[in-house]
Amino acid sequence: MLILGIESSCDETGVALYDTEAGGKLVSHALHSQVALHAEYGGVVPELASRDHIRRTAPLLRKVLADSGCALSSVKAIAYTQGPGLAGALLVGAAFAEGLASSLGIPTVPVHHLEGHLLSPLLSRRPPTFPFIALLVSGGHSQLMRVSGVGQYELLGETLDDAAGEAFDKTAKLLGLPYPGGPALAELAEKGRPETVTLPRPMLNSGDLNFSFSGLKTAVLTAVRELGELEDQQRADIARGFQEAIVDVLVKKSMRAMKETGLKQLVVAGGVGANRELRRQLDARAAKVRVSVFYPELEFCTDNGAMIALAGALRFQAGLSIKTAGAFAVRPRWPLTELNGRG
Ligand code: KG4
Ligand code: ZN
């Protein structure tokens, strides 16, 4: 059974087709990133994002259909990101999906964006099995969750202020790096000297599984002010120090979650999961305690349509969230744990 997935929550338009037959497989997917569009503003401009989603969605749909050789009439349900995200951007994907599904006489499956991220490692060749712990680190969220099945999420800990991706982005801005800051900062950190700039590890020993990253950004600001005019090597050293601190906290808290729950599979999802140093450190620590770490393919770490098609397909198969196409509402703010036990 073919499920179409549409993602439009922020600055990426993603469309994908997922086939539930024979254990399930991604048939085709296409993505348009708005990075170039927002670059000159130093961040995402919501109205421009919405308008661009309007321009991109139909051509991307035509592309995934052409690439797969599938006819639109063979699609059995349309999944789309209902939230959280930018209201206008969400409205574009939702209206497109609901209108198209109406015209085809098929149901829709509204999907939670973070559920898409959480389940995205299931798209890889070596998928995890339920239950597992998920470290969800995106631009808007930093959470540790226990995932027992589709729609069964227990929040173990989360950030009390900035998300990990947000901290990367804000720190990148402080260092004068272009948007999108996270990948640029990570790249600069690779050129920094290890342990040259030591920054605080917020809440490392708080005894729980929560995070706090806003103080880290302030520490970078202080370091930048103290040094005055920065040389290239100094900027790289600060970037490295920042990355070391944030990775250290994420790794130690993740390992703590593994120890407390006794589970042996850790899934890393969300844009910051693309960070190479995070992957290196997690792999090294996990190997020592016999924990397996699962990452989505790099292209599915950041926002994409494939994870929405997958989450939609799994929900559809489980008989969850299926609705008659037509009237709809988006949910720009929507805690993931509200999904628990809801049909
Ligand atoms: O999951 P995502 O694509 O969008 C949200 O749902 O938020 O995550 C985007 C975030 C941004 O903050 C971006 O700077 C960060 O992920 N990011 C990275 C890297 N690639 C993306 N942060 C650190 N290192 C990276 N390589
Ligand atoms: Zn995302």
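Residues numbered from 1 in each chain as written. Chains lettered and ligands numbered in written order. Predicted model: local features only at pLDDT ≥ 70, side-chain atom pairs only at ≥ 80, totals over all residues. Heavy atoms only, no water.

**Observations regarding the domain arrangement of the chain**
Here is step 1 of the chain: One can read the domain layout of the chain as domain 1 (2–119 + 300–338) and domain 2 (126–295).
Here is step 2 of the chain: Distance between the C-alpha centres of domain 1 and domain 2: 27 Å.
Here is step 3 of the chain: Tallying the contact residues gives 20 residues for domain 1 and 23 residues for domain 2.
Here is step 4 of the chain: Interface area lost by domain 1 to domain 2 is led by Leu114, Leu118 and Cys301, which between them contribute 36%.
Here is step 5 of the chain: Where domain 1 packs against domain 2, one counts zero salt bridges.
Here is step 6 of the chain: In this structure, the connection of domain 1 to domain 2 is made through five residue pairs in polar contact (both at pLDDT 80 or more).
Here is step 7 of the chain: Counting only elements with at least two residues in the side of domain 1 that touches domain 2, the list comes to helix 1 (35–39), helix 4 (113–119) and helix 10 (306–317).
Here is step 8 of the chain: Ranked by residue count, the leading element in the side of domain 1 that touches domain 2 is helix 4, at five residues.
Here is step 9 of the chain: Residues belonging to the side of domain 1 that touches domain 2 are distributed by class as follows: 11 nonpolar, six polar and three charged. (Domains from an automatic or database assignment. Contact = heavy atoms within 4.5 Å. Buried area = accessible area lost by both parts, 1.4 Å probe. Salt bridge = Lys/Arg side-chain N within 4 Å of Asp/Glu carboxyl O. Polar contact = N/O pair within 3.5 Å; in protein donor to acceptor, adjacent residues only side chain to side chain. Helix = DSSP H or I, 4+ residues; strand = E, 2+ residues; numbered from the N terminus. Nonpolar A, V, L, I, M, F, W, Y, C, P; charged D, E, K, R; others polar.)

**Overview of the coordination of the zinc ion (ligand 2)**
Here is step 1 of the chain: Only His113 (NE2), His117 (NE2) and Asp303 (OD) from the protein reach the zinc ion (ligand 2) as donors, at distances of 2.0 to 2.1 Å.
Here is step 2 of the chain: Here the zinc ion (ligand 2) is ringed by four donor atoms whose angles at the metal span 93 to 137 degrees, and the overall shape comes out irregular.
Here is step 3 of the chain: In the primary sequence, the donor residues of the zinc ion (ligand 2) line up as H-x3-H-x185-D. With histidine 117 in helix 4 and aspartate 303 in the loop between strand 10 (292–294) and helix 10, this pair connects stretches of sequence that are 186 residues apart. (Donors = N, O, S within 2.8 Å, 3.2 Å for Na, K, Ca; no water. Tetrahedral: all angles 85-135°; square planar, octahedral: opposite > 155°, others 65-115°.)

**What about the sheet that holds strand 4 (residues 75–83)?**
In any sheet, the strands associate via hydrogen bonds between backbone groups, in a parallel or an antiparallel arrangement.
Here is step 1 of the chain: Taken in spatial order, the five strands of this open sheet run 3-2-1-4-5, and their pairing is mixed. Here the strands that pair on one side only, and so sit at the sheet edges, are strand 3 (25–33) and strand 5 (108–112). Each strand of the sheet is rotated relative to its neighbour by a mean of 20 degrees, with strand direction disregarded.
Here is step 2 of the chain: Here strand 1 (residues 2–7) runs beside strand 2 (residues 12–19); their pairing, made up of six bridges, is antiparallel. If you follow glycine 5 over to strand 2, its bridge partner there is alanine 16.
Here is step 3 of the chain: Set on the sheet, helix 2 (residues 46–68) makes contact with strand 1, strand 2 and strand 3; between it and strand 2 the angle comes to about 30 degrees. (Pairing = 2+ DSSP bridges. Axes fitted to C-alpha atoms, helices over the stretch in contact; angles between N-to-C directions.)

**Observations regarding the site of ligand 1**
Here is step 1 of the chain: Residues in close proximity to ligand 1 total 18 residues, the closest being His117, Gly139, Asp169, Gly271 and Asn275.
Here is step 2 of the chain: A distance of 3.0 Å separates an oxygen atom of ligand 1 from a polar atom in the side chain of histidine 117.
Here is step 3 of the chain: Those elements that place two or more of their residues in the shell around ligand 1 are helix 4, helix 5 (164–174) and helix 6 (181–189).
Here is step 4 of the chain: The class makeup of the residues in the shell around ligand 1 is five nonpolar, 11 polar and two charged.
Here is step 5 of the chain: Of the domains in this structure, domain 1 (2–119 + 300–338) and domain 2 (126–295) are the two that each give at least three residues to the shell around ligand 1. (Near = heavy atom within 4 Å.)

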